[in-house]
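Working through the structure, step by step
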Amino acid sequence: MAVYARRLSFFGPSKPISYLFSSRAFIEKFRALSLSRSSSCHLFSVYSCNEFENDAENGGHGFTKWRNGGGIFHNSACIDPTVLIEIGAIVQSKAIVGANVSVGSGAVIGPDVTIGQSTKIGYNVSLSNCTIGDSCVIHNGVCIGQDGFGFYVDEHGNMVKKPQIGHNVVIGSGCMLCGQVGIAGSATIGDYVTLGGRAAIRDHVFIASKVRLAANSCATKDIQEAGDYGGFPAVPINEWRRQVVAKFRTTKKELPQG
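This write-up is about the structure you can find in this document. What you see is a predicted model, and the numbers here were worked out from it, not measured in a lab.

Counting its secondary structure elements, the chain contains 3 helices and 28 strands. Taking the intrachain contacts of the chain between residues at least 6 apart in sequence as the baseline, contacts between residues at least 24 apart amount to 16%. Accessible area for the chain stands at about 14,700 Å²; split by element, carbon and sulfur atoms hold 53% of it.

Both strand E25 (residues 211–213) and strand E27 (residues 227–230) contribute to a ladder of 3 bridges, which runs parallel. Bridging across to E27, Leu213 finds its partner in Tyr229. Inspection of the sheet shows E27 paired to strand E28 (residues 235–236) by 2 bridges, in the antiparallel sense. Residue pairing across strands places Tyr229 opposite Pro236, the latter belonging to E28. Hairpin connection of E27 to E28: 4 residues between the antiparallel strands, including Gly231 at a positive phi of 100°.

What the 4 strands build is an open sheet, ordered E17-E20-E23-E26; its pairing is parallel. Strands at the two margins of the open sheet, each flanked by one partner only, are strand E17 (164–165) and strand E26 (218–219). Direction of pairing for strand E20 (residues 182–183) relative to strand E23 (residues 200–201): parallel, over a ladder of 2 bridges. Bridged to Gly182 within E23 is Ala200.

The next subject is the side chain of Ser217. Summarising the element assignment, Ser217 is placed in the loop between E25 and E26. A polar atom in the side chain of Ser217 sits 2.9 Å from the backbone nitrogen of Gly231. Ignoring sequence-local partners within four residues, the contact set of Ser217 consists of Arg198, Ala199, Ala200, Tyr229, Gly230 and Gly231.

A cis amide bond links Phe232 with the next residue in sequence, Pro233, at an omega value of 0°. Positive phi, close to 65°, is recorded for Asp112, a residue that is not glycine. Here Asp112 shows up in the loop between strand E8 (108–109) and strand E9 (114–115). Note on Asp112: relative accessible area 41%, which makes it partly exposed. The backbone of Asn216 sits at a positive phi, close to 65°, despite the residue not being glycine.

The rules behind these values
Residues numbered from 1 in each chain as written. Predicted model: local features only at pLDDT ≥ 70, side-chain atom pairs only at ≥ 80, totals over all residues. Heavy atoms only, no water. Helix = DSSP H or I, 4+ residues; strand = E, 2+ residues; numbered from the N terminus. Contact = heavy atoms within 4.5 Å. Areas by Shrake-Rupley, 256 points an atom, 1.4 Å probe, with all protein chains shown as cover. Pairing = 2+ DSSP bridges. Polar contact = N/O pair within 3.5 Å; in protein donor to acceptor, adjacent residues only side chain to side chain. Buried < 20%, exposed > 50% of the residue type's maximum accessible area, 1.4 Å probe, protein only.

If you want it as structure tokens, here you go:
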């Protein structure tokens, strides 16, 4: 017998998913809906479960094959019918995936993860304990929300670590994080921030919007004003350059002469 999921329009006017799921009331309503319709809450829109493969054909355990791409999803997940889940990808229990999202092969969307509309998830991505906003791009092999690093193999065959982002970190819009960046837990980064290679942010530090942190630098305390910073601890770039020159001159004087 076909089972149908209700539209979520009863929650109010149409809003981006990142807005809706910032509302405690919305989350409580959604959880109540998922409990009352545990086997049917894999769609935002009215859509027939006859469109999916039988659960038994996929080994049971509450997982079903998604017809648009061939991936696997848990029956308690809430997925818009426009979503593409490629073969080899899996969406775990109670995950929420918005409209026009693309999930690449080998990706794992963990339990209770929320993904906003029009977001692209690359191959072999691993997401857990996180909320991804609208129109984001998560590149191949990225790991968010768990211990450890992702990595990639460069043109010389070397394994190169990708940025590591700790728990409870907030990153604003339009930021650029270069290779081997490390951000400790509960740090907050504003919009359009650039972190050079191997730059580090200490835990609970706030970085203002439009800050650029030089490679190999470390922000050990809050940076409240936009601008360029460098060094360890990070200071305004001109001050850091003066420190470098002074150190060079001191070292040169200490060297034995010819």
